[in-house]
Structure formats: structure tokens, C-alpha cells
Amino acid sequence: MRAFSGSDLIYLLYALQWTVALVVIALAMGAPLGLALALMRTSRRRLPRYIAMVFIEVVQGVPLLGLLVFFYFGVPLLAGREVAPVIAVSIAFTAYSASFLGQIWRGGIEAVKGTQWDAAACLGITKWQQFRYVIGPQAFRMSLPPTVGLLVQLIKGTSLVSIVGFVELTRAGQIISAATFQPLLVYSCVAVIYFSVCLPLTHWARALEGRLNGAA
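All values reported here derive from a predicted model rather than from experimental measurement.

## A word on the environment of Pro 76
With respect to the helices and strands, the residue Pro 76 is situated in helix H3 (residues 64–79). Residue Pro 76 is classed as buried on the basis of its relative accessible area of 16%. As for Pro 76 and Val 190, which are separated by 114 residues in sequence, their C-alpha atoms are 31 Å apart. Look past the residues within four positions of Pro 76 in its chain and what remains in contact with it is Phe 71, Arg 81, Glu 82 and Val 83.

## Observations regarding the packing of aromatic side chains
Tallied over the entire structure, the rule returns 5 aromatic pairs. Both rings, one in Tyr 72 and one in Phe 73, keep their centres 4.8 Å apart while their planes meet at 85°; by these two values the pair is edge-to-face. Residue classification places Phe 73 among the partly exposed residues on the basis of a relative accessible area of 43%.

## Considerations on H3
Counted at 1.5 Å a residue, the expected span for H3 with its 16 residues is 22 Å, and the 21 Å between its end C-alpha atoms agrees. Phe 70 marks the point of greatest bend in H3, at about 35°. Those residues of H3 hidden inside the fold are in contact with helix H2 (46–61), helix H4 (85–111) and helix H6 (127–157). Once H3 ends, the next one or two residues include Gly 80, with phi positive near 75°.

## Focus on a nonpolar patch on the surface
Together, Leu 47, Tyr 50, Ile 51, Met 53, Val 54, Val 58 and Val 62 make up a nonpolar patch on the protein surface, roughly 610 Å² of accessible area in all. Among the secondary structure elements, Ile 51 is positioned in helix H2.

## As for the pattern of salt bridges
Enumeration according to the criterion identifies 1 salt bridge in this entry. One salt bridge in this structure joins Arg 106 and Glu 110, with 3.3 Å as the shortest N-O distance. Residue Arg 106 and its partner Glu 110 are both found in helix H4; the two are separated by 4 residues, about one turn of the helix. The exposure class assigned to Arg 106 is partly exposed, which follows from its relative accessible area of 21%. According to the relative accessible area criterion, Glu 110 is partly exposed, its value standing at 48%.

## A word on the environment of Thr 94
Here Thr 94 lies in helix H4. Since its relative accessible area comes to 9%, Thr 94 is described here as buried. Residues Thr 94 and Val 190, 96 residues apart in the sequence, show an inter-C-alpha distance of 24 Å. With residues near it in sequence (within four places) discarded, Thr 94 still touches Ile 25, Ala 26, Met 29 and Gly 30.

## Observations regarding the layout of surface pockets
When its volume is computed, the largest pocket comes out at roughly 430 Å³. Taken together, 14 residues form the lining of the largest pocket, with Thr 42, Ser 43, Arg 44, Trp 117 and Lys 127 sitting closest to its centre. Here the element with the most residues in the lining of the largest pocket is H6; it accounts for 4 residues. Classifying every residue of the lining of the largest pocket by side-chain character gives 6 nonpolar, 3 polar and 5 charged. In this structure, the second largest pocket occupies an estimated 180 Å³ of space. The wall of the second largest pocket is formed by Leu 35, Trp 105, Ile 109, Trp 128, Phe 131, Arg 132, Gly 136, Ala 139 and Phe 140. The dominant element in the lining of the second largest pocket, judged by the number of residues it contributes, is H6, at 6 residues. For the lining of the second largest pocket, the residue count by class is 7 nonpolar, 1 polar and 1 charged.

## Some remarks on the packing of helix H1 (residues 6–41) against helix H7 (residues 169–180)
Where H1 meets H7, the axes come as close as 7 Å, and the angle between the chain directions of the two elements is 155°. It follows from the interaxial angle that H1 and H7 lie roughly antiparallel. Once H1 is placed against H7, the crossing between them reads as right-handed. Of the residues in H7, those touching H1 at Asp 8, Tyr 11, Leu 12, Ala 15, Leu 16 and Thr 19 are Leu 169, Ala 172, Gly 173, Ile 175, Ile 176 and Thr 180.

Here is what the cut-offs are and how they apply
- Residues numbered from 1 in each chain as written.
- Predicted model: local features only at pLDDT ≥ 70, side-chain atom pairs only at ≥ 80, totals over all residues.
- Heavy atoms only, no water.
- Helix = DSSP H or I, 4+ residues; strand = E, 2+ residues; numbered from the N terminus.
- Buried < 20%, exposed > 50% of the residue type's maximum accessible area, 1.4 Å probe, protein only.
- Contact = heavy atoms within 4.5 Å.
- Phe/Tyr/Trp six-rings, centres within 6.5 Å; stacked < 30°, edge-to-face > 60°.
- Expected span 1.5 Å × (residues − 1).
- Bend = angle between axes of the 7 residues up to and from the residue.
- Patch = residues over 30% accessible without salt bridge, like charges linked within 9 Å, V, L, I, M, F, W, Y side chains within 5 Å.
- Areas by Shrake-Rupley, 256 points an atom, 1.4 Å probe, with all protein chains shown as cover.
- Salt bridge = Lys/Arg side-chain N within 4 Å of Asp/Glu carboxyl O.
- 1 Å grid on protein atoms, 1.4 Å probe; cavity = no way out; pocket = protein on both sides within 12 Å on 5 of 7 lines; lining within 4 Å.
- Points joined across faces, edges and corners; volume = space filled by probe spheres on them.
- Nonpolar A, V, L, I, M, F, W, Y, C, P; charged D, E, K, R; others polar.
- Axes fitted to C-alpha atoms, helices over the stretch in contact; angles between N-to-C directions.
- Parallel < 35°, antiparallel > 145°, perpendicular 65-115°, else oblique.
- Left-handed = near helix turned anticlockwise from the far one by under 90°.

Dropping the structure here:
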């Protein structure tokens, strides 16, 4: 047993970088997949819509903790080989973020008035160009507040990866708490760090939502 010290606080801040890294990985890998899901869900073809719907329903119907357990413990049993914690966690967070981004961006695309598609078609450009230059920017603008809100949820959700031994902020807090026997102090510091990261993002999302509603 030892006292909580400044080095422990530094260790918590060091572990925070892995929390941020997980969120960056989730967005970097989940955003393209989420965009593909959104386009598939708004497609006129039945098969792409059905495939995207099944993926989204399955992933959103399973708790994030369940996804982490499946990819870390279940996949090795099925594949017959171990999966590194960072890979298992990255896959789980990618699937999780993609499913929600797909729904969010689908709503943004469908919120764009049909006349915008008609106006874009009159320009004589391809469907992809219509989406890229006319529909996409408008859909992204309307989807930005809930996208930032999802970012906050991802940051808080990273606390679950401690169950697979991945040392991020929450896991670092567990390690320090076990060494100092001061869980109240340690987890209070962890909570303050999470709060300091998430609060500005929450206010930004609310400001964006208010600004967009005012401009509507």
C-alpha cells in the first residue's frame, strides 16, 4: 500500500491517450463504413437496404460490452487463434460507431428535400457527384450535432475495454486503486478527466444544434 501521488495522476493522463486513440480508430474506420451503410439504407435497391438494416439492427441490438466480449473471447474460439486486445477492441468499436453513424447520416440524407436531388440532376452530373457536391454537404451539416454527441458516447464507452485488459483511462484507475487502496480519490480523478474531455464536446454539440435550428 502506498499514497496517491503526482506520478499516479501523470499515469492517468498518459492512459488518456489510449482512450483518445481508441476513439480516433473508431471514427477513422467506422466513418467510411457508416457512410456506406447510410447510402445503402437510402438506396432504391432492396438488397443493399436489407443488408445494411440487418447489420445495424444486430450491432445496435447488442450492448457494446457484448461486442467487446465476442470479439475478444468469442472470435478466438471460432478462429482457433488469439486476437490481440487492440485489434478486438478496434473491431468492436468500429462496428459500434459505424452502425450509429449509418443511422445518423441516413437521417441527414433523408432530411434533404427531394427537390435538391432534382436540382442536382438538372446539372447533368452523376449520382455520386450529386451526393458529393449538393446532398452530402447539406446532410453532413444537419447530422453534425448528433455525430458530436456520438463522439461523447464513444469516449465514455471506452471505459468498458478494461475488461479485456486494455490499459486506457479506466483500467489505469483500477491499477492505481489496487496499489493505493484509495478508490474514492482515484476514481474521482478519473471522473474529472472524463468530465473535462466530454463537457466541451457536449456544449459544442448543443451549440451546433441551436445554430442549425436557428438557421432552419
